[in-house]
Amino acid sequence: MLWTASQVLRKFSTSSHYYQNKLKLAIIGQSLFGQEVYSNLRKQGHKVVGVFTVPDKDGKADPLAVAAEKDGTPVFKFPRWRVKGKPIPEVVDAYKSVGAELNVMPFCSQFIPMNVIDNPKHGSIIYHPSILPLHRGASAINWTLIQGDKKAGFSVFWADDGLDTGPILLQRECAVEPNDTVDTLYNRFLFPEGIKAMVESVQLIADGKAPRIPQTEEGASYEGIQKKSNAKVNLAQPAEAIHNWIRGHDKVPGAWTVINGQSVTLYGSSMLGGSAAAGQPLEIEGASQPGIVTKNGLVLYGTDGKALVVKNLQFEDGKMIPASKYFSSGESSSVELTDDEKKMAEEIRNTWKGILSNVSAIENTTDFFKSGAASMDVVRLVEEVKQKCAGVQLQNEDVYMATTFQDFIQMFVRRLRGEDQEEELLIDYATKDVNNMTVKMPYQCFINGGFEDAENSKTYDTINPTDGSVICKVSYASVGDVDRAVAAAKEAYENGPWGRMNPRDRGSLLYKLADLMEEHQEELATIESIDSGAVYTLALKTHVGMSIQTFRYFAGWCDKIQGKTIPINQARPNRNLTFTKKEPLGVCAIVIPWNYPLMMLAWKSAACLAAGNTLVLKPAQVTPLTALKFAELSVKAGIPKGVINILPGSGGMVGQRLSDHPDIRKLGFTGSTPIGKQIMKSCAVSNLKKVSLELGGKSPLIIFSDCDMDKAVRMGMSSVYFNKGENCIAAGRLFVEESIHDEYISRVVSEPKQQHYHCLGVIQCMWLIKGELHSVNWVHPFLCFSVHQRVVCVYSFFCIPTVFTDVEDHMFIAKEESFGPVMVVSKFKNGDVDGVLQRANDTEYGLASGVFTRDINKAMYVSERLEAGTVFVNTYNKTDVASPFGGFKQSGFGKDLGEWRPYYSILLLKAVTS
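Conventions adopted
Residues numbered from 1 in each chain as written. Predicted model: local features only at pLDDT ≥ 70, side-chain atom pairs only at ≥ 80, totals over all residues. Heavy atoms only, no water. Helix = DSSP H or I, 4+ residues; strand = E, 2+ residues; numbered from the N terminus. Buried < 20%, exposed > 50% of the residue type's maximum accessible area, 1.4 Å probe, protein only. Contact = heavy atoms within 4.5 Å. Areas by Shrake-Rupley, 256 points an atom, 1.4 Å probe, with all protein chains shown as cover. Arc of directions from axis to C-beta. Polar contact = N/O pair within 3.5 Å; in protein donor to acceptor, adjacent residues only side chain to side chain. UniProt positions renumbered as here; feature names shortened; annotations may be inferred. Core = buried A, V, L, I, M, F, W, Y, C linked by side-chain atoms within 4.5 Å. Axes fitted to C-alpha atoms, helices over the stretch in contact; angles between N-to-C directions. Parallel < 35°, antiparallel > 145°, perpendicular 65-115°, else oblique. Salt bridge = Lys/Arg side-chain N within 4 Å of Asp/Glu carboxyl O. Left-handed = near helix turned anticlockwise from the far one by under 90°. Patch = residues over 30% accessible without salt bridge, like charges linked within 9 Å, V, L, I, M, F, W, Y side chains within 5 Å. Lys, Arg positive; Asp, Glu negative; His and termini not counted. Charge placed at Lys NZ, Arg CZ, Asp CG, Glu CD. Phe/Tyr/Trp six-rings, centres within 6.5 Å; stacked < 30°, edge-to-face > 60°. Lys NZ or Arg CZ within 6 Å of the ring centre and 35° of its normal. pLDDT = per-residue confidence, 0-100. Pairing = 2+ DSSP bridges. Expected span 1.5 Å × (residues − 1). Right-handed = clockwise from strand over helix to strand, strands pointing away.

Per the secondary structure count, the protein includes 28 helices and 40 strands. Burial statistics for the protein: of 914 residues in total, 56% are counted as buried. At a minimum sequence separation of 6, the contacts of the protein that also span at least 24 residues come to 69%. Roughly 39300 Å² of accessible area belongs to the protein as shown, and the carbon and sulfur atoms make up 51% of that amount.

This is the structure we're talking about:
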C-alpha cells in the first residue's frame, strides 16, 4: 500500500512521464540500488549535482560511482564524514559546494552529519527497508524474517537527528512468502518498488505535495546488526522459528550450528511442505532430534515435529558445499572436458576477467571472492553465464559453493551434463479417483527398498467390498520372493547402516515416517476404506490415527532400551561386575489380519524397528494396499534398503514359508487360534524361533445392576459393534444382572437402527462381497446355528446388528467367536458375583474383558479375577499405545504396545483400564 498525506494509492511509472517541477539533487549512498535510483531520477529530468559514495575497494568503484562518472556527474568518495563524532570541515565544504536542494539517500552505510542532512532547502530523505517504526536499524530486512513477520515493506522518511525516527513520506508493503529469503524479498519487492518509490518521493517534494507524518512509538522496535557470534541458531524451538532465524541471517552474517565439533553455517532454508527424500541421519548439537542428509539438502526438525530443509553448508575454512553432499564432500573426481566444453570454459574465463578487472589473469586457482568480488558480482556472473550457455541452471549459491575458477568450471560442466541427478524410487501405481482425491497405490512386492513383480509374475485381484469391483491387481508373492526378502532383511541387519545406526538416529527416521503417515493420512484412510470396508471416518481416526501414534511412541523408545547392572557375590579379593544388554533379534516376520490392516502393521512393526530389527511383513491377502503404501512412505522417510519388506500373497504359501525359514529369528502373528497353533509348531520345528501370538477371543463383559445404565448401554453396544464387530477384543458375551436384564435389552434393541451408518453399513457388503473369505463362512453359520438351537433372536435383519438373549453356557454362540455384529446376552442372578466370574472365565480364550459397576470394591475384585490380558472398567475398547496389549490362554502370548513390547517380556502382564 502507498501511504501519502491523502492516503491515496498512486500508480507510478519511471518511463517518459513529464514533470513540470524539477530539483537539484545530491545522491548520498552506494550499491546497485543507489545506482538505479540515480539513473531513474536523471531520466525524470531532475539534475544530480553531486554523488557522494564510498571509496573504491580493491581497485573497483561502487556501481553508483561507475554510473555517475560515466555521465560526467561530480563524484566524491569520502572514506568518512566525521571524526570522533564531529563533522570534517573539508568534507562538509565539498558537499556544500554542489548547491543541492534535496539530499536523496537510497542506501548509505556512512554516518552523515546533521549540518549536511539539514543543509538543503528541502532537507534529506532516506529509504529504509521496513514498515517504520518497526525494525529501525541497519538489519531491517533480516529482522523482518527472523521475527516471522507476515508483512514486509519499506519507508521513505525525512531524516532527523534520531535513528530512523523521522517523519514518514510514504510507505509500501507486501506479503512475506513462507520461504522468502533476504534475497527473494529484496529482489521481488524491496529493490524494484523501492526505486520507483524513491523517484516518486522526490517528485512529491518537487510538487510541494510530500507529507511529513510523525512516527508513532507504538510498535516501534530497534535491532542492531547481528554479529557472527550472536547468530548461532537455537534448534530447540519449532521448525518455523528455526527456518526464520536461518533465512533472516542468510549470507550475512550466516546462522550457524555445531556439527561434529565444527561450526557450520546454514544457508538456503525452506519449510518442508511435503515428504523428504531418503537420507542419512546426522547428529547436530542442540537439536531435538537428528537431522537427515537427503538429496534435497539437510532436513532439520523442530520441537513441534515439523521440518525444514537447508540447501548449503559452509565450514570454518570458508568452503561451501551442497548440504546433500555432506557425507560425500571431497569424493568427486575431476571431469574431463570435451572440446566444446573447453570453449565454454574460456568464454566463462573472459566473464570472470570482466568482473574481476583488478586481477591481471584468471588462473585455475583464482578465487572469486578473494579477488574482491561482492554479492552484486555474483548476480552478474550467474546471469552472464546463463546468457552465454542457454539451458544451464545456475543459482547465486552455486558461486559460493565453487569459489575458485577450476571448481566453478567443474560445477558448471556437471550441471550442464545433468550429472547432479540422483536415482529416484520407481513406482508403478494403480490410481483411483475416490473420496474427492486421486489415490496412488503401489501394488507390487516391496523387497530391498524397491517395488517389483512377484518372481513368477503372478497376480490376484483385490476387491472393494462396498461394490464388489476390482481395485487393482496385486502381486502374488511366491516362496522365492520370501527367500529374497529374508535375504535382503538379513543383509540390512548384518551389514547395512540400520544395524550400525545410533538408536537416536533410528528414532529420528521413525519420527519422520510417522510425520509422512500424518501428511498422507487422508489418502491412507481412503485406501484402507476401499480395501477393507472400514467406514472412512473410523479409518481416519483409528486405523490411521493410532498407527501414527504408535510409530511416534516407539520412535521415542529407540534410545531408552536399557539393560541392568546386577550385584553378584564376590570371591575376595576380586570385585566382579555383571550387566545385561537388550539387543535386537535380527530378522523378524510379521503376519497381520484384515480387520485393521494398517494399525496391526504399526502395532507390530514399530516396536520391531525401534529395537533395531529388520522385518518381512505379510499383509492379509484381501487387504494389502495400505501396507504397500506404507512401504513407499518408508523409503521417503529414509529407512535404509532391506529394513522393511512387504509381501502380499496367501498365508498358506508366504506365511508358511516365513514360519519355516531358518534365518528368521522371531515371528509375530495376529489371527485365529488354529492358525496360531500351526505357526507355533512350524517355528519350533524349523529353528526354534521366538513367537508372539494374538489369537481369538470370547471377551466377557459383566454388567451389574448398580451400573450407570446410559453408559452401560452405549459402551456395551460399542463393545460389540465397533468396527462392524470385526474386532479381536469385541465383547463376545454380555452377562447382565437379572434385575436390570429386561430394561437393558429393551434399551439395546431401540438403538441398532441409529447405529446403522457408523457401525454396520459396510458389514452387509462385507458379508456379500468378501463373504467366502471371512464373513459367510463364519458369521452366517454362527447365526444359523444359533437360531437352530432355538435361542430367542430379538432383532435380526441380514447383517444389521443382531442381539441374542437367553443364551445358555453350553450353546455354540456362548463359546465361539462371531467376529461380526452379533450381541450374545446371558443373565446372571442378583448378587452372584463369584458365580458370574466362574461363567465368564469358563472359556479357553483370555484376550479382553470388562465390568460395569459404580462400586469400586466390586470393580477391583472382579478385575483381579477375570482371566484376560485386558480388563476394562466402566469403559471398553480403550486401547492406547502406552498400554500393553495381549492375551492369556488360547488367545495367545506376548504383548503389543507399551514398554514391554520391545523387550519380549515373558511375564503374564494384565492391563486394567478404567
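Time to look at helix 19 (residues 651–660). All buried positions along helix 19 are accounted for by Val654, Gly655, Leu658 and Ser659. Buried residues of helix 19 fall within an arc of 135 degrees about the axis and therefore sit on the same side. Turning to helix 19, the residues buried within the fold contact helix 12 (479–494), strand 25 (587–591), strand 26 (614–618), strand 28 (666–670) and helix 20 (673–687). The N-cap residue of helix 19 is Ser650: its side-chain oxygen and the backbone nitrogen of Met653 are 3.1 Å apart.

The subject of this paragraph is the UniProt feature "binding site: (6R)-10-formyltetrahydrofolate" (unreviewed entry) in the protein. Within this numbering scheme, the UniProt entry marks Gln110, Phe111, Ile112 and Asp164 as carrying the feature "binding site: (6R)-10-formyltetrahydrofolate" (unreviewed entry). Taken together, the annotated residues stretch across 55 residues yet fold into one region, lying no more than 13.9 Å apart by C-alpha. On the basis of relative accessible area, Gln110 is assigned to the buried category, the value being 15%. With sequence-adjacent residues up to four places away left out, Gln110 is seen in contact with Thr53, Val54, Phe78, Pro79, Arg80 and Trp81.

The next subject is the environment of Gln35. With respect to the helices and strands, Gln35 occurs in helix 1 (residues 31–43). For Gln35, a relative accessible area of 18% gives the class buried. Note: C-alpha distance between Gln35 and Pro63 (28 residues apart in sequence) is 6.0 Å. Each residue touching Gln35, except ones within four places of it in the same chain, is listed here: Pro63, Leu64 and Ala67.

So, about the nonpolar core. For soluble globular proteins, the rule of thumb is that nonpolar side chains tend to be buried together. Counting 103 residues, the largest nonpolar core has Met517, Phe551, Ile703, Leu734, Tyr744 and Met823 as the members making the most contacts within it. Considering every element that reaches this core, the biggest residue donor is helix 17 (residues 597–610), with 11 residues. Dropping the residues within four chain positions of it, Tyr744 is found in contact with Ile703, Met709, Ala712, Val713, Gly716, Leu734 and Val736. Within the second largest apolar cluster, 39 residues are counted, among which are Leu25, Val37, Trp158 and Phe189.

Axis separation between helix 15 (residues 521–532) and helix 18 (residues 625–636) bottoms out at 9 Å; the angle between their running directions is 155 degrees. Compared by their axis directions, helix 15 and helix 18 come out roughly antiparallel. In contact with Glu523, Leu524, Ile527, Glu528 and Asp531 of helix 15, helix 18 contributes Leu625, Thr626, Lys629 and Leu633.

Attention now goes to the pattern of salt bridges. One pass over the full model with this rule turns up 36 salt bridges. One salt bridge connects Arg188 with Asp180, and the closest N-O pair in it is separated by 2.7 Å. Overall, the relative accessible area of 38% leaves Arg188 in the partly exposed class. The partner of Lys196 in a salt bridge is Glu193, and the shortest N-O contact between them spans 3.6 Å. Taken together, the residues span about one helical turn, with Lys196 and Glu193 both in helix 6 (residues 182–206) at a distance of 3 residues. A relative accessible area of 29% means that Lys196 is categorised as partly exposed. Here Glu193 falls in the partly exposed class, since its relative accessible area comes to 22%.

As a further point, take the packing of helix 17 against helix 18. At their nearest, the axes of helix 17 and helix 18 sit 8 Å apart, and the two run at 50 degrees to each other. Accordingly, the angle class assigned to the pair helix 17 and helix 18 is oblique. Where helix 17 crosses over helix 18, the two elements pack in a sense that is right-handed. Listed contacts from helix 18 to Pro597, Leu598, Leu601 and Ser605 of helix 17 are Thr626, Ala627 and Phe630.

Another point: a negative patch on the surface. Together, Glu738, Asp742, Asp806 and Glu808 give the surface a local cluster of negative charge. Take Glu738: it is sitting in helix 22 (residues 738–749).

Cis peptide bonds are those with omega within 30 degrees of zero, and the linkage from Leu132 to Pro133 qualifies with 15 degrees. A positive phi angle is found at Lys84, which is not glycine, with a value near 55 degrees. Here Lys84 is to be found in the loop between strand 4 (82–83) and strand 5 (86–87). One non-glycine residue, Asn436, lies in the positive phi region at around 60 degrees. With respect to the helices and strands, the residue Asn436 is situated in the loop between strand 17 (429–434) and strand 18 (437–442).

According to the stated counting rule, one finds 27 aromatic pairs in the structure shown. Geometrically, the ring pair formed by Phe78 and Trp81 is edge-to-face, given 5.4 Å between the ring centres and 85 degrees between the ring planes. One aromatic cluster is present, built from ring pairs that chain together Phe33, Tyr127, Phe154, Tyr186, Phe189 and Phe191. The aromatic ring of Trp158 is capped on one face by Arg212, whose charged end is 3.7 Å from the ring centroid. The ring of Trp498 carries the charged tip of Arg506 above its face, separated from the ring centre by 5.9 Å.

Scored by pLDDT, the protein comes out at a mean of 85, with 88% of its residues at no less than 70. The least confident element of the protein is helix 24 (residues 771–774), whose mean pLDDT is 27; the most confident is strand 27 (residues 644–646), at 98. The model gives residues 754–781 a pLDDT under 50, and that stretch makes 69 contacts with residues more than four places away or in other chains. Overall, residues 901–909 carries pLDDT values under 50, and its contacts beyond four positions in sequence, including any with other chains, amount to 27 contacts.

The next point concerns the sheet that holds strand 6 (residues 102–105). If you walk across this open sheet you meet the 7 strands as 3-2-1-6-7-8-9, and the pairing is mixed. Looking at the sheet topology across the chains shown, the edges are occupied by strand 3 (75–77) and strand 9 (168–175). Averaged over all adjacent pairs, the angle separating strand axes in this sheet is 15 degrees, with direction ignored. As defined by bridge partners, strand 7 (residues 124–128) adjoins strand 8 (residues 151–158) across 4 bridges and the pair is classed as antiparallel. Considered in strand 8, the bridge of Tyr127 is made with Val156. Most of the contacts of helix 2 (residues 63–71) go to strand 3, to which it runs at about 150 degrees, and overall it touches strand 1 (24–28), strand 2 (47–53) and strand 3.

For helix 21 (residues 709–721), built from 13 residues, the straight-helix expectation of 18 Å at 1.5 Å per residue is met to within 8% by its first-to-last C-alpha distance of 18 Å. Listing the buried residues of helix 21 in full gives Met709, Ala712, Val713, Met715, Gly716, Met717, Ser719, Val720 and Tyr721. Structurally, the start of helix 21 carries an N-cap: the backbone nitrogen of Asp710 is 3.3 Å from a side-chain oxygen of Asp708. Where helix 21 ends, the next residue or the one after it, Asn723, has phi of about 55 degrees, a positive value.

Okay, the pairing of strand 6 next. Looking along a regular strand, one sees side chains alternate from face to face of the sheet. Burial along strand 6 is two-sided: Leu102 and Val104 facing one way and Asn103 and Met105 facing the other are all buried. Bridge analysis of strand 6 against strand 7 gives 3 bridges, and the strand direction is parallel. Residue pairing in the sheet places Met105 in a bridge with Ile126 of strand 7.

Our focus in this paragraph is the pairing of strand 37 (residues 870–873). Across the two faces of strand 37 the burial is the same, with Thr870 and Phe872 and Val871 and Val873 all buried. Judged from the 4 bridges that link them, strand 36 (residues 848–852) and strand 37 form a sheet pairing that is parallel. In the strand pairing of strand 37, Ala848 is matched with Thr870. What joins strand 36 to strand 37 is helix 28 (residues 856–865), and the crossover it makes is right-handed.

Looking now at the environment of Ile126. For Ile126, the position within the fold is in strand 7. The exposure class of Ile126 is buried, given its relative accessible area of 18%. Distance from Ile126 to Phe107, taken between C-alpha atoms, is 7.6 Å for residues 19 residues apart in sequence. When sequence neighbours within four positions are dropped, the list of residues in contact with Ile126 reads Met105, Ser155, Val156, Phe157 and Ala159.

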